[in-house]
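Structural characterization, general
So you can see what is in the structure, the chains are spelled out below.
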Amino acid sequence: MAFPPPGTLLWGLLLLQNALRPLRGNLVFIPSLIRMSSPAVSASLVGDTEGVTVSLAVLQDEEGILPVPTCGVLSNEAEDWSVTMTPSAVGPQNVLEVTVKLKDLEWCSSNETDSFPDSLCVLQTLLVSASHNSSCLAHLLIQVEIYANSSLTHNVSENVTVIPNQVYQPLGPCPCNLTAGACDIRCCCDQECSSEVTELFRESCFSGVFGGDVNPLFDQLCSVQRMDHVPDWFPFLCVQSSLANTPFLGYFYHGSVSPRQDSSFEVYLHVDPKDFADFGYKQGDPIMTVDKAYFTIPQVSLAGQCMQNAPVAFLQNFDVKCIIDLELYQERDGIINVIIKSGAVEGGTVTPKVIYEEANDLHKFISAETLLNNGSASRNVNVEEHYIFIWNNKTISEINVRIIRAEINAHQKGIMTQRFTVKFLSYNSGNEKEISGNPGYQLSKPVRVLNSNAMNNVTTLHFWHSAGRGLCSSATLKPVLFGENALSGCFLEVGINANCSQLRRNAAERLGSLIKVTHVAMRGNSDYNDLSDGWLEIIHVEAPDTGTDPADSDVNGICLDVPAQLHIRILISDAGVVEGITQQEILGLETRISSVNWQYQCGLTCEDKTDLFPISASVQFIKVPAQLPRPLTRFQINFTEYDCNRNEVCWPQLLYPFTQYYQGEPYSQRVAKGLLLMLFLMLAAFLSNPWTRICKAWSSPNYYLTY
């Protein structure tokens, strides 16, 4: 078999990559470039694979001209190579596994009479093309470099290889020797590689511990011949040890058997679900079904992706939104057919109670230019799913589900936003009145407030959660969570000829709608029906009078003292400890509205166009210490040079480990370590050069003659 020159082949590969770049379409090979050293390789073809055919061609470099790749060839045979395409067993439906294989393995079979049995056997460049209707869509470039008697042309034994205990001896003298009975490429310490083969890749050998240097000489060894200058105390503190006792022991993974070899592109790991429901649920345990499977609801991962089959954890609430393309939307299995394990010891079950509702405004859930309403074909999609779990101790007693559906055209295109909420309520909470702690507040729980002047006094403190253009008319509300500072806002549409009095009233109504409450709960479990059970009256700082206009209110495009900012300040403090957990409570809540002067923003000319006036709301939690700090003494007030907070040099903490400020270790251990450190310092001082010279001077006879 003739091989093209390496230099010409390299230029051809670079030209081919540039030529294939504009040919890429929706389909793509993963990976798109493979360096092949075995009789068979596989790659994944991802994308719209319906009606796609693949073909293989051997690229020939003739006179420096690279041929243009052709697609749509029905034959999958190219000289001594074959290409097959099968659906992926572990991937999605739109993934195909393309395998390229060398048909005649006798090419690379070693012969005892050959002078170089491990010489280069095959060196070619293959091009796999994916096409549809004779149109090139994707390409896979394969650089073939197969050696005779290499590690990938032999059948490897499936016997279990015992790995020695790495605590006492290194992981073999050659860690890169991964295959028994064959030569591993770039592994220069592999004894199964002949000298001729080793010369081919000697300049690219693996380095370090993986390349065979498993017993390197460490710096603390006394037998190390250091070329640079060493300190005088090195012979006194160096280590006398054999080379077998190396700090690199245990450097690799601790295993008892070698992992099995798998040549597939992806490895599917099947893990049986762990069933914790037979002995009662604990917080964080996955909820199980009677089929011994996880009860799953779509959730958002840390990377921001929406996982369709995410298990629901016991006593963990969440409220997520998933964005999905309607063309890729697939209806999930019905919740009606699911039976949940209650977690009782006797093996009880719970059947969810489902209520369906119809969505009123599809524009809130589907983003599309037009909503298709005409046509006979239609389908239902779930836009919101709300799950309420009633729990008692370690069991689930009831599950209520509310699903909001929307009927759309079967061929509707666009982006749909789905919402999934899960809430766990105690069996004695009643009417979904969730507590925020017992007794103190828990972080990220809603702040409990009520309005004693309203008929239904149960309410929650909210702030805006704007979306779209950020207008106040379309903004939704989010609860204020304990311990989390927040800042939100929205826009009011205002024209140049707007009435300032009306603008003030609109802004004041928008801001006042967030604080229509009179009391705040001091604790997380305060009773809504008893104001004496830890309810504090909210301090409302009076807002500016919106009925009186300033003197210059008749000027178009300028309005003075417009309410624009709502400040909510909440004082919190540590109230004690219950079972080792610090309990926090609210000491007071104050609301204050501030005003700004608004002026219409004109460009080159002032046209009567709608302007946006921003209003905002901020929530701030201020922690008050449970005990007041000790007052400063007269000495600390007058002599500020000893104050560590007001000076860069802190003299009181000069010996920090021995002062009262350091609480990391007991005082006795600090003193012992300090004395040991002083001993080493004195020893190092006696062994240093000045003391050595003094000792030599004392021992010399000339020293005594001077006296």
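Residues numbered from 1 in each chain as written. Predicted model: local features only at pLDDT ≥ 70, side-chain atom pairs only at ≥ 80, totals over all residues. Heavy atoms only, no water.

Once that is clear, we can look at the overall build of the protein chain. Scanning the protein chain from terminus to terminus reveals eight helices and 30 strands. Within the span of the protein chain, comprising 707 residues, buried residues form 32% of the whole. Of the accessible surface of the protein chain, which amounts to about 44,900 Å², a share of 54% is contributed by carbon and sulfur atoms. (Helix = DSSP H or I, 4+ residues; strand = E, 2+ residues; numbered from the N terminus. Buried < 20%, exposed > 50% of the residue type's maximum accessible area, 1.4 Å probe, protein only. Areas by Shrake-Rupley, 256 points an atom, 1.4 Å probe, with all protein chains shown as cover.)

Here we take up the state of the cysteines. Counted by the stated rule, this structure contains seven disulfides. Disulfide partner of Cys-472: Cys-490, at an S-S distance of 1.9 Å. Since a negative S-S torsion denotes a left-handed disulfide, the Cys-472-Cys-490 link at about 90° is right-handed. Of this pair, Cys-472 sits in the loop between β22 (462-465) and β23 (476-479) while Cys-490 is found in strand β24 (residues 486-494), placing the two residues 18 residues apart along the sequence. Cys-490 gets classed as buried once you look at its relative accessible area, which sits at 3%. Shown here is the disulfide that connects Cys-500 with Cys-559, its sulfur atoms set 2.0 Å apart. Sign of the S-S torsion, about -80° for the bond between Cys-500 and Cys-559, identifies this disulfide as left-handed. Of this pair, Cys-500 sits in helix α4 (residues 500-512) while Cys-559 sits in strand β28 (residues 558-578); the two residues are 59 residues apart in sequence, bridging distant segments of the chain. (Disulfide = S-S within 2.5 Å.)

In this section: the side chain of Thr-591. Along the chain, the position of Thr-591 falls in strand β29 (residues 581-599). Side chain to side chain, Thr-591 and His-540 meet in a polar contact 2.7 Å long. If sequence neighbours within four positions are ignored, Thr-591 has contacts with Ile-515, Ile-538, Ile-539, His-540, Val-541, Leu-566, His-567 and Ile-568. (Polar contact = N/O pair within 3.5 Å; in protein donor to acceptor, adjacent residues only side chain to side chain. Contact = heavy atoms within 4.5 Å.)

Here we take up the sheet that holds strand β27 (residues 539-540). The strand order β24-β30-β28-β29-β27 describes an open sheet built from five strands, whose pairing is mixed. What marks the edges here is a single partner per strand, and that holds for β24 and β27. The strands touched by α4 within the sheet are β24, β28, β29 and β30 (611-623), with β28 carrying the most contacts at an inclination of about 15°. (Pairing = 2+ DSSP bridges. Axes fitted to C-alpha atoms, helices over the stretch in contact; angles between N-to-C directions.)

Take the nonpolar core next. If you look at the biggest cluster of nonpolar residues, it comprises 45 residues, and the most contacted ones within it are Val-447, Phe-613 and Ile-615. Counting residues per element, the ones that place at least two in this core are β20 (448-450), β22, β24, α4, β25 (519-521), β28, β29 and β30. No other element matches the seven residues that β28 contributes to this core. With near-sequence residues (within four places) excluded, Phe-613 lies in contact with Cys-490, Phe-491, Leu-492, Val-494, Leu-503, Val-562, Pro-563, Ala-564, Val-596 and Trp-598. Within the second largest apolar cluster, 27 residues are counted, among which are Val-83, Leu-96, Leu-102 and Val-128. (Core = buried A, V, L, I, M, F, W, Y, C linked by side-chain atoms within 4.5 Å.)

Now for the pairing of strand β3 (residues 40-46). As paired strands, strand β1 (residues 28-30) and β3 are joined by three bridges and run antiparallel to one another. When the bridges of β3 are listed, Val-28 appears paired with Val-46. Note: β3 against strand β7 (residues 95-102), seven bridges, orientation antiparallel. Its bridge partner lying in β7, Val-41 is registered against Val-100.

Summed over the entire model, instances satisfying the criterion amount to twelve salt bridges. Where Glu-590 meets Arg-592, a salt bridge forms, and the shortest distance between an N and an O atom there is 3.5 Å. Residue class for Arg-592 comes out partly exposed when judged on its relative accessible area of 35%. Several salt bridges converge on common partners, so that one network encompasses Arg-569, Glu-590 and Arg-592. (Salt bridge = Lys/Arg side-chain N within 4 Å of Asp/Glu carboxyl O.)

Next up on the list: the packing of aromatic side chains. What the rule picks out here adds up to nine aromatic pairs. Plain terms: the ring middles of Phe-389 and Phe-424 are 4.8 Å apart, the flat faces sit at 20° to each other, and that makes the pair stacked. Here Phe-424 lies in strand β19 (residues 415-426) and Phe-389 lies in strand β17 (residues 378-392), a separation of 35 residues in the sequence. With a relative accessible area of 0%, Phe-389 lands in the buried category. (Phe/Tyr/Trp six-rings, centres within 6.5 Å; stacked < 30°, edge-to-face > 60°.)

The next point concerns α4. Side chains that are three or four residues apart share a direction in an α-helix, a result of its 3.6 residues per turn. If you check α4, its first and last C-alpha atoms are 18 Å apart, about what 13 residues at 1.5 Å a residue would give, namely 18 Å. For α4, every residue scored as buried is listed here: Cys-500, Ser-501, Leu-503, Arg-504, Ala-507 and Leu-511. On an axial view of α4, the arc spanned by its buried residues comes to 160°, and they lie on one face. Here the buried face of α4 lies against β22, β24, β28, β29 and β30. At the N-terminal end of α4, a side-chain oxygen is found 2.9 Å from the backbone nitrogen of Ser-501, two or three residues along, and the residue is Asn-499. (Expected span 1.5 Å × (residues − 1). Arc of directions from axis to C-beta.)

Our focus in this paragraph is the environment of Phe-201. Here Phe-201 shows up in the loop between α2 (195-200) and α3 (234-237). The class of Phe-201 is buried, set by a relative accessible area of 6%. C-alpha separation for the pair Phe-201 and Ile-185, spaced 16 residues apart in sequence, amounts to 7.5 Å. With near-sequence residues (within four places) excluded, Phe-201 lies in contact with Cys-183, Asp-184, Ile-185, Arg-186, Cys-187, Cys-188 and Cys-193.

All right, on to unusual backbone geometry then. Geometrically, the link from Ile-30 to Pro-31 is a cis peptide bond, its omega value of -5° lying close to zero. One non-glycine residue with positive phi stands out, namely Lys-292, at about 60°. Among the secondary structure elements, Lys-292 is positioned in the loop between α3 and β10 (299-300). Judged by relative accessible area, which is 58%, Lys-292 ranks as exposed. With a phi angle near 60°, Asn-393 is a residue other than glycine that sits in the positive phi range.

Our next topic: the side chain of Glu-145. On the secondary structure map, Glu-145 appears in strand β9 (residues 135-147). In this structure the side chain of Glu-145 is engaged in a polar contact, spanning 2.7 Å, whose partner is the side chain of Arg-35.

Taken together, the side chains of Trp-233, Phe-236, Leu-237, Leu-676, Leu-679, Phe-680, Leu-683 and Leu-687 present a nonpolar region at the surface, about 790 Å² in accessible area. Broken down by secondary-structure element, the contributors of at least two residues to the nonpolar patch are α3 and α6 (667-686). In terms of residue count, the dominant contributor to the nonpolar patch is α6 (four residues). Of note, Leu-687 is situated in the loop between α6 and α7 (689-699). (Patch = residues over 30% accessible without salt bridge, like charges linked within 9 Å, V, L, I, M, F, W, Y side chains within 5 Å.)

Considering every residue of the protein chain, the mean pLDDT works out to 76; 74% of them sit at 70 or more. In this model residues 6-25 is a low-confidence stretch, pLDDT under 50, and it forms 23 contacts with partners more than four residues away in sequence or in other chains. (pLDDT = per-residue confidence, 0-100.)

Next up on the list: the environment of Gln-308. Of note, Gln-308 is situated in the loop between β11 (306-307) and β12 (318-325). For Gln-308, a relative accessible area of 32% translates into the label partly exposed. Leave out the neighbours within four places in its chain, and Gln-308 touches Thr-296, Ile-297, Pro-298 and Arg-332.

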